[in-house]
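One-letter residues, chain by chain:
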Amino acid sequence: MKKQYHYIRAGVIALLLSAQATQAQNTVTFRSDAPTQTINRNIYGHFAEHLGNCIYGGFYVGDTSHIPNTNGVRKDVIAALRKMKIPNLRWPGGCFADTYHWKDGIGPKDKRPAIVNTWWGNVTENNSFGTHDFLNMCEELGAEPYLSGNVGSGTVQELADWVQYANFGGKSPMSDLRQQNGRQEPWKVRFWGVGNEAWGCGGNMRPEYYADLYRKFATFMHSEWKNDHIFRIASGANSSDYNWTEVLMKNISSGLIEGIALHHYSVIDWNRKGDAVDFTEQQYFTTMRNALFMDTLIRKHSAIMDKYDPKKKIALVVDEWGGWYNVEGGTNPGFLFQQNTMRDAMLAGATLNIFNNHSDRVRMANLAQAINVLQSVILTKGDTMVLTPTYYVMEMYNVHQDATLIPIDVHSNDYTLGNEKLAAVSASASKDKNGVTHISLVNIDAHKTQEVTLDTRGGSYKSISGRLLASAKLQDYNSFTKPDNIKPTDFKGASLKNNTISVKLPPFSVVVLELR
Ligand code: AHR
């Protein structure tokens with residue numbers, strides 16, 4: 001009897017342990033009744049500022065460099081970003097944008113003035129990468145340019161001239177100047193930012209004052225050289241500054257604005273950001289909590305926008321987001337260079353799921369920043385290039401670009417640490433123009449495999465395949481010596497039966513499933 005009791009107890013313990021290792025109550029259910037919308041490809045946009053080695057050394061090495069280049073832009077970078085399907089690129093800042101005078105960056109390179117980059121390390125900016133270099137590079141990348149105009153230290157005339165220079169096809173002082181500088185046809189730039197972080201580095205303004213200034217700048221960006229598709233984006237709120245959104249929405253009439261920005265970085269503490277690689281589970285947890293807060297931010301900013309714009313004509317543009325840690329030891333503190341680990345893959349995957357699921361209002365977003373700065377998709381050193389875990393998430397998720405959102409309900413187990421908990425599983429789903437369904441799933445749990453039951457509600461599928469991004473440790477990353485440490489692999493953890501899918505998501509992993 002005693003022996004039998006021991007067997008039963010051992011069996012119960014084994015059951016409990018296996019239930020802990022893999023829990024079964026996660027569900028993802030397609031909501032076939034709900035309205036559908038397109039996931040704008042611009043949600044997958046990027047950001048390139050004149051900051052550290054993002055432009056110089058990152059994108060641009062100059063046409064006399066030994067590093068293979070096209071008009072000075074690295075060929076390896078162009079190929080990688082094209083493969084990732086970069087849809088748009090924001091430039092030249094950030095804080096730099098409100099100090100940037102675009103006429104410094106046109107004409108013969110040896111005649112361009114050298115200035116001091118006061119925001120980022122007080123380094124000399126020789127202006128060798130300017131408007132033509134950027135806009136031609138965007139054409140090479142197949143990405144739409146997003147120009148950030150200078151409101152903080154610029155003038156209405158200066159920004160109006162830039163629009164005319166880039167967009168006007170007829171005869172005018174600015175189109176003549178453009179043609180003298182070697183470009184006949186206008187680039188027809190659609191996306192224009194009207195200042196950046198006007199509440200901070202863009203001028204420390206109050207929202208009432210900025211709203212008036214915005215109206216003035218935007219008015220002259222919409223003049224006789226307008227192209228009909230110009231898309232003006234107001235400098236938006238800092239994270240949960242809901243009053244900023246309220247004041248702008250109330251005071252800027254709808255005919256003057258197409259988008260309103262929002263910036264949110266996942267930072268543990270602005271005074272103690274922690275190391276990008278050598279972090280604890282508590283730091284990981286805090287980063288993820290701050291990343292998942294994006295959902296609340298979007299809901300609350302959108303609710304304010306809904307009051308003034310119920311038809312959702314104005315887009316919420318999250319044009320700066322990502323993880324921000326201490327700079328790598330021995331690097332210039334003003335250059336914001338940080339490594340990129342599986343933590344960043346979790347952050348990217350979970351955030352992109354949030355954007356997809358809110359794609360009715362969020363129609364553009366820009367990860368900060370593309371190369372060598374903050375949460376980069378690419379790191380460069382001399383002639384070598386590393387693709388980060390974040391790159392691979394962006395590349396895996398590009399199947400959602402311009403696909404139709406499939407609204408879903410997600411019920412997730414908790415990922416707990418001490419007394420705190422977060423939803424372990426997040427997901428988003430879409431159907432592309434060929435009728436192929438994709439579901440992206442993220443398990444942020446640092447320890448447990450999560451079993452997910454996916455109910456497609458009558459969808460009829462014949463095959464399932466998938467890709468997985470995972471690694472042994474959360475702190476793992478791709479280095480210049482081990483660039484292929486983390487890469488997507490084929491995913492074998494999903495099975496399809498009667499249109500219900502069972503998925504086993506390893507701890508801290510990203511999976512993208514394809515259903516046909
Ligand atoms: O991305 C780095 C900086 O963060 C940007 O220049 C600024 O807009 C933000 O504060």
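Parameters and conventions
Residue positions are given per chain, counted from 1 along the sequence in the order it is written. Totals for whole chains, interfaces and linings use all residues, but because this is a predicted model, local features are given only for residues with pLDDT of at least 70 and pairs of side-chain atoms are given and counted only at 80 or more. Values reported for side chains reflect all heavy atoms of the structure, with hydrogen atoms and water molecules removed beforehand. A carboxyl oxygen of Asp or Glu within 4 Å of a side-chain nitrogen of Lys or Arg is what we treat as a salt bridge. The numbering of helices and of strands both runs from the N terminus, where a helix is a DSSP run of H or I of at least 4 residues and a strand a run of E of at least 2. Relative accessibility under 20% of the residue-type maximum defines a buried residue, over 50% an exposed one, and the middle range a partly exposed one, all with a 1.4 Å probe and only protein chains included. Disulfides are defined as pairs of cysteine sulfur atoms found within 2.5 Å of each other.

Asks: Sorry if this is basic, but what is going on with the pattern of salt bridges here?
Replies: Side chains that differ in sign of charge can pair as their charged atoms come close. Considering all chains together, one arrives at 28 salt bridges under this definition. When the shortest N-O distance is used, the salt bridge between glutamate 144 and arginine 41 registers 3.6 Å. With glutamate 144 in strand β8 (residues 144-149) and arginine 41 in the loop between β1 (22-30) and β2 (45-47), the pair connects residues that are 103 residues apart, well separated along the chain. Taking the relative accessible area as the measure of exposure, glutamate 144 reaches 19% and is therefore buried. Exposure remark for arginine 41: the relative accessible area of 29% places this residue in the partly exposed category. Across the salt bridge formed by arginine 112 and aspartate 133, the nearest N and O atoms sit 3.5 Å from each other. Taken together, the residues span a long stretch of sequence, with arginine 112 in the loop between β5 (88-91) and β6 (115-117) and aspartate 133 in helix α3 (residues 131-141) at a distance of 21 residues. An identical accessibility class is assigned to arginine 112 and aspartate 133; each is buried. What emerges from the salt-bridge pattern is a single network uniting Asp306, Asp309, Lys312, Asp360 and Arg361.

Asks: It is not clear to me how helix α10 (residues 389-397) should be interpreted in this structure. Could you clarify?
Replies: Because an α-helix packs 3.6 residues into every turn, residues spaced three or four apart end up facing the same way. Here α10 lies mainly inside the structure; nine of its nine residues are buried. By the burial criterion, the buried members of α10 are Pro389, Thr390, Tyr391, Tyr392, Val393, Met394, Glu395, Met396 and Tyr397.

Asks: Explanation requested: the state of the cysteines in the structure shown.
Replies: A covalent bond bridging the sulfur atoms of two cysteines is what the word disulfide describes. Within the structure shown, the criterion is met by one disulfide. Put simply, cysteine 95 and cysteine 201 are joined by a disulfide, and their sulfur atoms are 2.2 Å apart. Measuring handedness by torsion sign, the sulfur bridge of cysteine 95 and cysteine 201 sits at about -90° and is left-handed. Of this pair, cysteine 95 sits in the loop between β5 and β6 while cysteine 201 sits in the loop between β9 (191-194) and α6 (207-220), and the two are 106 residues apart along the sequence. On the basis of relative accessible area, cysteine 201 is assigned to the buried category, the value being 16%. With no disulfide of its own, cysteine 54 has cysteine 138 as its nearest cysteine by sulfur position, at a separation of 12 Å. Relative accessible area serves as the criterion here: at 0%, cysteine 54 is assigned to the buried category.

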